[in-house]
Amino acid sequence: MNRRPRLLATAAVGATAALLLTACGGGADESKGNDKIAGADTGEKTSASPSASASEAAGRPEIELPADLTYTFDWPKTGDKEKDAVLGDSEQFIKAVDMAIAKQDPLHKAYRFYSEGTAAAGSEKFIREFVDYKDRITGDKHYFKANVKLNGGGTAGLAYCEDQNKAYNKSLKTGKTEVTPKSKDNYVLYSSLLRLNKQGVWITEKLTSQRGSTACQS
């Protein structure tokens, strides 16, 4: 039997530990020293949604999740149509991966709708680990400190934090939840590269993570 998969949201399993904030358009020096997310919004937060045009994209999948899995997205409503669409579609990608885990389907069309390249390949690997162990995710996942940079040419970078302290593995064989203690390692810093496709959807192409990030604990 394979080792039980460690809960890690989205497709960051096997990703490099070094988070490149340059993915959000900043210089390399921005990630040194204080480990802060450059430009992260600290004002009033609301859950971002895809733009109207993106929401009307043909074939956008419906996201269906277990009732015992909830989300808190303390992401800014920027007022910028493109930035809000990046946040909204990234939110849908995160949920789509968790839905594939819950449905035990490593090739589920929902997360593949929102991802390509190494992000899609990483998602498939991550989902398969849960399928092999017959686990899914339960509890509450908290996302915050999101920072979007539009890079031009239909591309964007997104850095954000996740608090996994209230999210756990749940066995589909026994129905039991593996409640783990709070830990600094449950704070994860992500960096993603996205591209706007012809359907008006922001597709995640690359994703890296840094577990135990001090930037996400302040």
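So, here is what we can say about the structure in this document.

Calculation rules
Residues numbered from 1 in each chain as written. Predicted model: local features only at pLDDT ≥ 70, side-chain atom pairs only at ≥ 80, totals over all residues. Heavy atoms only, no water. Helix = DSSP H or I, 4+ residues; strand = E, 2+ residues; numbered from the N terminus. Areas by Shrake-Rupley, 256 points an atom, 1.4 Å probe, with all protein chains shown as cover. Phe/Tyr/Trp six-rings, centres within 6.5 Å; stacked < 30°, edge-to-face > 60°. Buried < 20%, exposed > 50% of the residue type's maximum accessible area, 1.4 Å probe, protein only. Contact = heavy atoms within 4.5 Å. Disulfide = S-S within 2.5 Å. Expected span 1.5 Å × (residues − 1). Polar contact = N/O pair within 3.5 Å; in protein donor to acceptor, adjacent residues only side chain to side chain. Salt bridge = Lys/Arg side-chain N within 4 Å of Asp/Glu carboxyl O.

Time to look at the overall build of the chain. Of regular secondary structure, the chain possesses four helices and seven strands. Its helices and strands taken in sequence order, the chain reads α-β-α-α-α-β-β-β-β-β-β from the N to the C terminus. When the accessible surface of the chain is totalled, it reaches about 10,300 Å², and 49% of it is carbon and sulfur.

All right, on to the packing of aromatic side chains then. For the coordinates displayed, the defined rule picks out nine aromatic pairs. Note on phenylalanine 73 and tryptophan 75: the rings are 5.0 Å apart at their centroids and 75 degrees apart in plane angle, and the pair reads as edge-to-face. Classification of phenylalanine 73 as buried rests on a relative accessible area of 7%. Between the aromatic rings of tyrosine 143 and tyrosine 160, the centroid separation amounts to 6.1 Å while the plane-to-plane angle is 55 degrees, which identifies the pairing as tilted.

The topology assignment puts glutamate 82 in helix 2 (residues 81-102). Between the alpha carbons of glutamate 82 and valine 148 there is a distance of 9.6 Å; along the sequence they are 66 residues apart. Setting aside anything within four residues of it in sequence, one finds glutamate 82 in contact with Leu150 and Trp202.

Counted according to the given criterion, the structure contains one disulfide. In this model cysteine 161 forms its disulfide with cysteine 216; the gap between the sulfur atoms is 2.0 Å. In this structure, the disulfide formed by cysteine 161 and cysteine 216 twists by about -80 degrees around the S-S bond and is classed as left-handed. With cysteine 161 in strand 3 (residues 155-163) and cysteine 216 in the segment after strand 7 (202-211), the pair connects residues that are 55 residues apart, well separated along the chain. Of the two residues, cysteine 161 and cysteine 216, neither departs from the other in class, the shared state being buried.

Its 22 residues place the ends of helix 2 31 Å apart at the C-alpha level, agreeing with the 32 Å of an ideal helix rising 1.5 Å per residue. The buried fraction of helix 2 is high, at 18 of 22 residues. Sitting at the head of helix 2, aspartate 80 places a side-chain oxygen 3.0 Å from the backbone nitrogen of glutamate 82. Phi turns positive, to about 55 degrees, at glutamine 104, one or two residues after helix 2.

Okay, the pattern of salt bridges next. Taken as a whole and judged by the stated rule, the model has nine salt bridges. Salt-bridge contacts for arginine 136 lead to aspartate 68; the nearest nitrogen and oxygen are separated by 2.9 Å. Of the two residues, arginine 136 is situated in strand 2 (residues 135-152) and aspartate 68 in the loop between helix 1 (52-55) and strand 1 (69-74); the sequence distance between them amounts to 68 residues. Among the residues examined, arginine 136 registers a relative accessible area of 10% and is labelled buried. Lysine 95 serves as the salt-bridge partner of glutamate 91, at 3.4 Å between the closest nitrogen and oxygen.

Given a rise of 1.5 Å per residue, 17 residues ought to cover 24 Å, and the 25 Å separating the end C-alpha atoms of helix 4 (residues 117-133) matches this to within 8%. All buried positions along helix 4 are accounted for by Ala119, Ala120, Gly122, Ser123, Phe126, Ile127, Phe130 and Val131. For helix 4, the secondary structure elements touched by its buried residues are helix 2, helix 3 (109-113), strand 2, strand 4 (167-171) and strand 7.

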